[in-house]
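Listed below, chain by chain, are the residues.
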Amino acid sequence: MASLGIEAEQEPLLEDRTAGSREWDITETEEHYKSRWVSIRILYLTMFLSSVGFSIVIMSIWPYLQKIDQTADASFLGWVIASFSLGQMVASPIFGLWSNYRPRKEPLIVSIFISVAANCLYAYVHVPASHNKYYMLFARGLVGFGAGNVAVIRSYIAGATSLQERTSSMANTSACQALGFILGPVFQTCFALIGEKGVTWDTIKLQINMYTAPVLLGAFLGVLNIILILILLREHRVDDSGRQCKNVNFEEASTDEVQVPQGNIDQVAVVATNVLFFVVLFIFALFETIVTPLTMDMYAWTREQAVLYDGIILAALGVEAVIIFMGIKLLSKKIGERAILLGGFIVVWVGFFILLPWGNQFPKIQWEDLHNNSIPNTTFGEIIITLWKSPREDHSEGPTGCPIEQAWCFHTPMIHLAQFLTSAVLIGIGYPSCNVMSYTLYSKILGPKPQGVYMGWLTASGSAARILGPVFISQLYTSLGPRWAFSLVCGIVVLTILLLVVVYKRLIAFSVRHGRIQE
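Keep in mind it's a predicted model, so treat the numbers as computed, not measured.

Trainee: Account for the overall build of the chain, naming residues and giving values.
Mentor: Of the regular secondary structure elements, the chain holds 18 helices and four strands. Counting across all 519 residues of the chain, residues that qualify as buried make up 59%. Accessible area of the chain: about 21300 Å², with a carbon and sulfur share of 66%.

Laid out in C-alpha cells, this is it:
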C-alpha cells in the first residue's frame, strides 16, 4: 500500500522557481518531504481499515442478529445496516470541526478508539439476557461514528498536498477505501471456517466464532493503527504550490513558513459539489441494493445463486474501481478533473439507460402464492435480508422468478443478462471516476485553509445518500418496476449533468480563482 504514493512523490514539488524571489525562497527540506508522505501513507492505511470495519461483518450481521435475538426482524435489520451511515453522518462534521483547531492526531485517535470499543461491544452483544438487538444497533452505530474520521483524513491529505499532487493522493485514498470494501467480506469468509460454535473464554465470557472473530481482528488492527499514528503522524500543511504554510492547528509553526493565503471560498461551488457527491453515492448505493432482487426476479436465480453470482459481480466491480482510480491519476493530467467528472456522469447515465427493459420477452412469473424473500415489500431491511438467507433455513429454495404480487411482472419486458452485465461495467467505470473527482475538486475549491468542517459536511452528505438510496430504489422497484425506477434514476443523472454544466466554470482551484497561479 505504501507504493500507492510513489507516483505523486516523484512529481516536482515546486516548478519554475525564480532564484532570489522571496516567493520561492521557502522550499521543502528532504526530511520534511519524507515525513509528509509517511503521514499521508499512514492515513491511506487508516482509510483502508475504516472501510474494512464496515464491510468485514456485513455478510454475517443477519444470521448473528437472528442468533442473539429471536425478536429481530427484517425491518430492524434495516436499522442495523443504516446505523453505520447515521453514526458517520453525525460524527463527520464534529471530527472535522475538531481537526480545524487542534492537532489532527486528537480526533483520529479518539475516533479509532471509539471504533475499537464498538467492535469489542459487538463481540459481547450475546451476553445480556434481553434486548440484544439494541446492543448490536448501538455497536454498529458507534462503529459508524468512529468512521467519521474519514472527514479528517480527507482534509489532512488535501492540506498536505499541492495542487499537482492532489488528484493522485485522492485517487490513492479512494483506492484504499475500495480495497477495504473488497477485502472485508474476504476476511469474513476466512473466519467462517471457525464455525458458529467456535471457542469460549469463560473467564471473560468471550465467544470467538465466525461472527465475533472479524470484529476482534478489527479491534486489534485499530489498536495498531493508533500506535502508528502516535509514532509516525506529523502535522503538515502546504499551499497550492507546495510551499509550507503555517498550521493553525499545529503546536508551533516555524518562522520561515508562509501564511495561509486569504480570500473568500466560492460557496456556490461548495454547495454544488456537495450535491454532486450526494448523487454519486446515492446512485451507487441504490445500484448495490437492487442487484440481488433484480437478478432473482429477472433470471429466476435461487437465493444461493444470487448471493454467489452477485457477490462475484460486486467484487469484480470493486477490482474495476481500483483500476479506474489508478488510471484517473494519469488521465486527469491530460484532460483535467472537471472533464473526467462530466464524462463519468455521462457513462453512469448510459449504464442506467441500458438497464431499461426493452423487447417482448418477459421474466418467468412466480405463480406460487408464497413469500419471495428477494423482494423488499415494505422495508429496506427486507432487501438486505436476501444477502444472508440460506436455503438451509427453509429446507427448500422455494419458488423462483418474478413474484405475482408485483403487477409489473406481467407487462414489463425482462432485462437480459448481457444488458445487466454491460450496465454494471459502465456504472463500475463512471462511479469511481465521479467519486474521486468530486472530492478532489472540492478540496481544490476550498484551498489551503483548514478543510475539516467542509470535509465533514461532504462525508455527511455521502452518508445520507447511502441511507436514502436503498429506500428510494426499494419502494420504486417494488411498486412500479425497473422501467420506472431506472427511468427516474436516468432523470436524476440528467439533472445532475445540467447542474455540473451550469457550475462547470466555477469548479476551479482556490488559488486559480484568486489569480495566484495559472490553471
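Picking up where we left off.
Trainee: Describe a nonpolar patch on the surface, naming the residues involved and giving the relevant values.
Mentor: Taken together, the side chains of Val 38, Phe 220, Val 223, Leu 224, Ile 227, Leu 230, Ile 231 and Leu 232 make up a nonpolar region of the molecular surface, amounting to roughly 670 Å² of accessible area. The greatest single-element share of the nonpolar patch, amounting to seven residues, is contributed by helix H9 (residues 213-232). Within the fold, Leu 232 resides in helix H9.

Trainee: Could you give an account of the nonpolar core, naming the residues involved and the relevant values?
Mentor: Counting residues in hydrophobic clusters, the biggest one holds 75 residues, and the most contacted among them are Phe 287, Phe 345, Phe 352, Phe 420 and Phe 486. Going through the elements one at a time, helix H7 (150-159), helix H8 (163-191), helix H10 (267-299), helix H11 (303-335), helix H12 (337-354), helix H15 (417-446), helix H16 (452-480) and helix H17 (482-503) are the ones with two or more residues in this core. Examining the composition of this core, we find that 18 residues originate from one element, H10, more than from any other. Here this core spans two domains, since at least three of its residues come from each of domain 1 (29-244) and domain 2 (266-365 + 401-518). For Phe 420, the contacting residues outside a window of four places in its chain are Phe 287, Val 291, Leu 294, Thr 295, Tyr 299, Ile 313, Leu 355 and Ile 415. Membership of the second largest hydrophobic core comes to 50 residues, among which are Met 47, Ile 61, Phe 95 and Tyr 122.

Trainee: Break down the pattern of salt bridges for me, with residues and values.
Mentor: In total, this model carries five salt bridges according to the counting rule given. Arg 36 is the partner of Glu 165 in a salt bridge, and the nearest nitrogen-oxygen pair spans 3.0 Å. Here Glu 165, found in helix H8, pairs with Arg 36, found in helix H2 (residues 30-55); they are 129 residues apart in sequence, far enough to count as distant. Glu 165 gets classed as buried once you look at its relative accessible area, which sits at 1%. In this structure Arg 36 comes out as buried when scored by relative accessible area, which is 1%. A salt bridge links Glu 106 to Arg 102; its shortest N-O distance comes to 2.7 Å. For Glu 106, a relative accessible area of 26% gives the class partly exposed.

Trainee: Would you mind going over H9 in detail, with residue names and values included?
Mentor: Within an α-helix, residues lying three or four positions from one another point in the same direction, as the helix has 3.6 residues per turn. Between the first and last C-alpha of H9 there are 28 Å, a value that for 20 residues agrees with the 28 Å anticipated at 1.5 Å per step. By the burial criterion, the buried members of H9 are Ala 213, Pro 214, Val 215, Ala 219, Gly 222, Asn 225, Ile 226 and Ile 229. Buried residues along H9 sit in contact with H2, helix H5 (105-123), H8 and strand E2 (206-208).

Trainee: I'd like a rundown of the packing of aromatic side chains, residues and numbers included.
Mentor: Considering all chains together, one arrives at 17 aromatic pairs under this definition. Seen from their ring centres, Phe 282 and Phe 472 are 5.3 Å apart, and the 55 degrees between their planes marks the pair as tilted. Of this pair, Phe 282 sits in helix H10 while Phe 472 sits in helix H16, placing them 190 residues apart in sequence. Residue class for Phe 472 comes out partly exposed when judged on its relative accessible area of 25%.

Trainee: Hey, could you go over the state of the cysteines for me, with residue numbers and the actual values?
Mentor: What the rule picks out here adds up to one disulfide. The disulfide partner of Cys 402 is Cys 409, and the S-S distance across this bridge is 1.9 Å. Given an S-S torsion of about -60 degrees, the disulfide between Cys 402 and Cys 409 has left-handed geometry. By relative accessible area, which is 0% here, Cys 402 ends up buried.

Trainee: Can you lay out the packing of H7 against H16 for me, pointing to particular residues and giving the numbers?
Mentor: Taken N-terminus to C-terminus, the directions of H7 and H16 make an angle of 130 degrees; their axes are 8 Å apart at the nearest point. Regarding the angle of H7 to H16, the classification is oblique. As for how H7 packs across H16, the hand of that crossing is right-handed. The residues of H16 that touch H7, namely those facing Val 150, Ala 151, Arg 154, Ser 155 and Ala 158, are Gly 452, Met 455, Gly 456 and Thr 459. In terms of residue class, the contact of H7 with H16 is made up of four nonpolar, four polar and one charged.

The rules behind each value
- Residues numbered from 1 in each chain as written.
- Predicted model: local features only at pLDDT ≥ 70, side-chain atom pairs only at ≥ 80, totals over all residues.
- Heavy atoms only, no water.
- Helix = DSSP H or I, 4+ residues; strand = E, 2+ residues; numbered from the N terminus.
- Buried < 20%, exposed > 50% of the residue type's maximum accessible area, 1.4 Å probe, protein only.
- Areas by Shrake-Rupley, 256 points an atom, 1.4 Å probe, with all protein chains shown as cover.
- Patch = residues over 30% accessible without salt bridge, like charges linked within 9 Å, V, L, I, M, F, W, Y side chains within 5 Å.
- Salt bridge = Lys/Arg side-chain N within 4 Å of Asp/Glu carboxyl O.
- Core = buried A, V, L, I, M, F, W, Y, C linked by side-chain atoms within 4.5 Å.
- Domains from an automatic or database assignment.
- Contact = heavy atoms within 4.5 Å.
- Expected span 1.5 Å × (residues − 1).
- Phe/Tyr/Trp six-rings, centres within 6.5 Å; stacked < 30°, edge-to-face > 60°.
- Disulfide = S-S within 2.5 Å.
- Axes fitted to C-alpha atoms, helices over the stretch in contact; angles between N-to-C directions.
- Parallel < 35°, antiparallel > 145°, perpendicular 65-115°, else oblique.
- Left-handed = near helix turned anticlockwise from the far one by under 90°.
- Nonpolar A, V, L, I, M, F, W, Y, C, P; charged D, E, K, R; others polar.

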